[in-house]
Amino acid sequence: MNAELIEALKMIEKERGVDAELIFTAIEEALVSAYKREVPAAKADDNIFGFVDRETGDMHVEIHKEVVEEVTDPESQIALAEAQLYSPDFEVGDVISMNVSTDQLGRLAAQAAKSVINQRLTEAESERILSEFSERIGELCYGVVQRRDNREVVVDIGRADAVLPKREQSRLDNYDFNQRMRFYILNVDERRSRPVVYVSRSHPNLVRRLFEQEVPEIASGVVEIVAIAREGGSRTKMAVLSNDPNVDAVGACVGQRGMRVQAVINELNGEKIDIIEWDPDLVVYLSNALSPARVVQVVVYEEEMAASVVVPDHQLSLAIGREGQNARLAAKLTGWKIDIKSESQYHEMIEEQLLAHFHEAISADDEDAEPVETTEEISDLDQDVDPDQELAPEAGEESLRDVPGTEE
């Protein structure tokens, strides 16, 4: 029986990742709890100890009693005469250890012991999960889908079960039972006093970690991922930079015949990935961010952290993307507000601005011009003209007449 106990403890240590010493300690505490349940008078005593032999698995309970001349508390004291029956060397003030066989413990005591052991195992396992996965936040882990409901997916990630919340799921994943995939460890929290590991399949850093595993240049630091913008289950944009002039950052991520990027796409079940080159020139970087559209012109407004981008007419929809996704991801990637216009729209805007300035200039000239004569002033002039005086021909009539070939 004791050999079977030792073997069982080794299996628990291996499967649940709990140190065997913690289990031995839990059993010893359980023995004390069981004895106190069996002997009600000993409930308040602190002189009861449980012991388990780590090699043989033998268990027993010891009661430590103080040797006194006259006993006032039988549970914690023993008379000198009685103690000397065990050994004549005992004196007043010594402590004697008395063994109690565990065979004397009843069924209820055994249940109490079992309860204590389970509680200690649960506490030890919780501490182990908190300690292990708190250090792994931000890393990838393999997991096997166990079950799924409308709110979350429960995943077996080895020595613990993880939770994949609804908001962290990708719409391209099916999460079938026993399906194996990689997850990004978000954090470790508590739920109903139990530690819970939360994972994600839609976090941008999931893509970052996948490329670090697939691209040796990223793992070594030759190629750097500067920024990632992602809409999980749909599309990702990633800006990369090469710290070695002889290494093409985009080419390293794509791989020969696209094998590296395809491996990441397969892990994400077909999610589209755009890899662009980061550039210190903001105009070039913004142009690259709107790939695959071709950018004609970029106007930057630094104070507003905004930019106006002009693209060919036939590429306007490509630059904006379906439901604005390409423009939205480009803005997230660069951190700038981006206003996209076609060349026709841009030219119309310039013309409208020029017309507006022209009308403003005309209005300003009219305000600066001499005032027009009033009706009364004109009437006074008419009164000064002699009606019998012959009026001279107008200049236009005279010029017309002077032009050869105009006489009738």
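Everything numeric here is computed off the predicted structure, so don't read it as measured data.

Trainee: Provide a residue-level description of the environment of isoleucine 63, including the pertinent values.
Mentor: The topology assignment puts isoleucine 63 in strand 2 (residues 59-68). Taking the C-alpha atoms as reference points, isoleucine 63 and valine 95, 32 residues apart in sequence, are found 9.8 Å from one another. With sequence-adjacent residues up to four places away left out, isoleucine 63 is seen in contact with Tyr35, Asn47, Glu75, Ile96, Ser97, Met98 and Val100.

Trainee: Got a sec to walk through the pairing of strand 8 (residues 180-191)? Specific residues and values, please.
Mentor: As judged from the five bridges shared by strand 5 (residues 140-148) and strand 8, these two strands associate in the antiparallel manner. Residue pairing for strand 8: tyrosine 142 is matched across the bridge by arginine 182. Pairing geometry for strand 8 and strand 9 (residues 194-200), over seven bridges, is antiparallel. Residue arginine 191 lies in a different strand from strand 9, and its bridge partner there is arginine 194. The turn linking strand 8 back onto strand 9 is made up of two residues, and arginine 192 within it adopts a positive phi angle of 55°.

Trainee: Can you explain the side chain of glutamine 315? Please cite residues and give values.
Mentor: As for its position among the elements, glutamine 315 is in the loop between strand 14 (306-311) and helix 10 (316-320). Glutamine 315 gets classed as buried once you look at its relative accessible area, which sits at 16%. When near neighbours in sequence (up to four residues on either side) are disregarded, glutamine 315 contacts Ala293 and Arg294.

Trainee: Any chance you could break down the sheet that holds strand 15 (residues 337-342) for me, citing the residues and the numbers?
Mentor: Sheet architecture is open: three strands sit in the order 13-14-15, paired in mixed fashion. With partners counted over all chains shown, the strands left at the sheet margins are strand 13 (297-301) and strand 15, one partner each. Adjacent strand axes in the sheet meet at a mean angle of 20°, parallel and antiparallel pairs treated alike. Sheet topology note: the strand 14/strand 15 ladder contains six bridges and is parallel. Looking at strand 15, one finds that serine 308 is bridged to aspartate 339. Across the sheet, helix 9 (residues 282-289) is in contact with strand 13, strand 14 and strand 15; its angle to strand 13 comes to roughly 120°.

Trainee: Report on the pattern of salt bridges, specifying residues and quantitative values.
Mentor: For the structure on display, the rule yields 14 salt bridges. The partner of arginine 201 in a salt bridge is glutamate 267, with the nearest N and O atoms 3.0 Å apart. Taken together, the residues arginine 201 in the loop between strand 9 and helix 5 (204-214) and glutamate 267 in helix 8 (residues 259-267) connect sequence positions 66 residues apart. Overall, the relative accessible area of 1% leaves arginine 201 in the buried class. For glutamate 267, a relative accessible area of 17% gives the class buried.

Trainee: Requested: an account of unusual backbone geometry, with residues and values cited.
Mentor: Put simply, serine 291 and proline 292 share a cis peptide bond, and its omega is 15°. In this structure, proline 292 sits in the loop between helix 9 and strand 13. Although it is not a glycine, asparagine 178 adopts a positive phi angle of roughly 70°. Classification of asparagine 178 as partly exposed rests on a relative accessible area of 48%. Despite not being glycine, methionine 305 shows a phi value in the positive range, around 50°. Among the secondary structure elements, methionine 305 is positioned in the loop between strand 13 and strand 14. Taking relative accessible area as the criterion, methionine 305 reaches 38% and is therefore assigned partly exposed.

How each quantity is defined
Residues numbered from 1 in each chain as written. Predicted model: local features only at pLDDT ≥ 70, side-chain atom pairs only at ≥ 80, totals over all residues. Heavy atoms only, no water. Helix = DSSP H or I, 4+ residues; strand = E, 2+ residues; numbered from the N terminus. Contact = heavy atoms within 4.5 Å. Pairing = 2+ DSSP bridges. Buried < 20%, exposed > 50% of the residue type's maximum accessible area, 1.4 Å probe, protein only. Axes fitted to C-alpha atoms, helices over the stretch in contact; angles between N-to-C directions. Salt bridge = Lys/Arg side-chain N within 4 Å of Asp/Glu carboxyl O.

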